[in-house]
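Below are the chains, spelled out letter by letter.
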Amino acid sequence: MIKKTLVSALAIIVLYNFFIYIVKPKKNLIQSMEQTNIIRAQEYVYNEKKINSVIVGSSLSSFINPDMLPGDFYNLSFPGMGIYDGLEIIKKNDKMPKTILVEINYFVRESHPNFINTIYKPIFYDLKAILPAFQEKYQPMSLFIPLWDKLALILKKFRDIIISKLKKNEIETKNEIGEKNRSADKKENVQNASETITNNKLRKFHEDLKKQWDWYYIAPKTEAFDSSLNKLKNYIDYFENKGVRIVFFEVPVYKEFCHALFSNSIRNELDKIFPPERIRYIKQPNCEKYRTTDWIHLDFESGKKFTGYFLKELKEFDLKPFQNLNF
């Protein structure tokens, strides 16, 4: 019995991996931010294409438009995390890029060792390279739920057509006064619902603003700040010794935060330790020309605008990999 079970399980694994190899599914259902980050990391680690330039950053850099990036770029930015997680993944990888582009907005964020251990877990790391079905993006639930959703949508449309035809065949006698009353009640309900939604949005609006204001208008804690600077210096020393070029960049945020105490402290300290003669800087553009969804994350159009600016600045650097950029 156990032998049959093992053989059956092995057969399913082999067939599923064969399915992935043949079909190469591209769409999947991402169920959480953590899963997004694991998929992004695994796609980089198991990528067979040559990657010359890697972006590392927080969720701010996730809004760099992927469709505008050249094919040899990879965005290793992680929502809810920071640059050290991306830098550690690159460090542990066998293939070194020619250039690493480092977001400096939140370089003080701590790394997440458990996340790194998940990606490079012994045995499983090699197993996932051989059998891609074990990679996060190929989990059966992530692949088949979107297919089920499509089927459910088709069935719903079919049901709606039938109901619509049945209603047409019904003879309804409506009382004019009753209809007006129902209409008035409906209007009142819609108005109440709209007021509730508006109040909730305003509450969240003020909560988000206060949270970010507290962050940007308080000087970084000296101990944590110095620790982050030392950690960043160690990574940059390591990669430069490997012949990797480092470029710093800063993503635009809400205009009032761009020259706040926290932002200025970061720039001043980085300039002291990493002068422009050593590290190339893509300066933060004029924040007034960009829009955010929550004070710090760019909306779609501003994400595209910043991506264009980002690539234009890279092209102007006297670095061979960026001379052929088209955008």
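The structure contained in this document is the topic of the report that follows. Predicted model only: the values in this text are computed from it and were never measured.

Cut-offs applied
Residues numbered from 1 in each chain as written. Predicted model: local features only at pLDDT ≥ 70, side-chain atom pairs only at ≥ 80, totals over all residues. Heavy atoms only, no water. Pairing = 2+ DSSP bridges. Helix = DSSP H or I, 4+ residues; strand = E, 2+ residues; numbered from the N terminus. Axes fitted to C-alpha atoms, helices over the stretch in contact; angles between N-to-C directions. Contact = heavy atoms within 4.5 Å. Salt bridge = Lys/Arg side-chain N within 4 Å of Asp/Glu carboxyl O. Buried < 20%, exposed > 50% of the residue type's maximum accessible area, 1.4 Å probe, protein only.

Some words on the sheet that holds strand β3 (residues 99-103)
And step 1. Taking strand neighbours across the sheet as the criterion, the five strands line up as β2-β1-β3-β4-β5 in an open arrangement whose pairing is parallel. Every interior strand has two partners, whereas the edge strands, β2 (73-77) and β5 (280-282), have only one. The mean inter-strand angle of the sheet, taken between neighbouring strand axes irrespective of direction, is 20°.
And step 2. Relative to strand β4 (residues 245-249), β3 is paired through five bridges, and the arrangement is parallel. Within β4, the residue paired with V102 across the bridge is F248.
And step 3. Of the strands in this sheet, β1 (53-57) and β2 are in contact with helix α2 (residues 33-45), which crosses β2 at around 145°.
And step 4. Its contacts with the sheet place helix α10 (residues 300-316) against β1, β2, β3, β4 and β5, and it is angled at close to 155° to β5.

Some details on the pattern of salt bridges
And step 1. Applying the stated criterion across every chain, the model contains eight salt bridges.
And step 2. A salt bridge links E240 to R278; the shortest N-O distance between them is 2.8 Å. Residue E240 is found in helix α8 (residues 222-241), and its partner R278 is found in the loop between α9 (261-273) and β5; the two are separated by 38 residues along the sequence.
And step 3. The exposure class assigned to E240 is partly exposed, which follows from its relative accessible area of 28%.
And step 4. D299 is the partner of R291 in a salt bridge, and the nearest nitrogen-oxygen pair spans 3.7 Å.
And step 5. When its relative accessible area of 60% is taken as the criterion, R291 is described as exposed.
And step 6. Given a relative accessible area of 18%, D299 falls into the buried group.
And step 7. A cluster of three or more residues bridged by salt bridges with shared partners is formed by K233, D237, E240 and R278.

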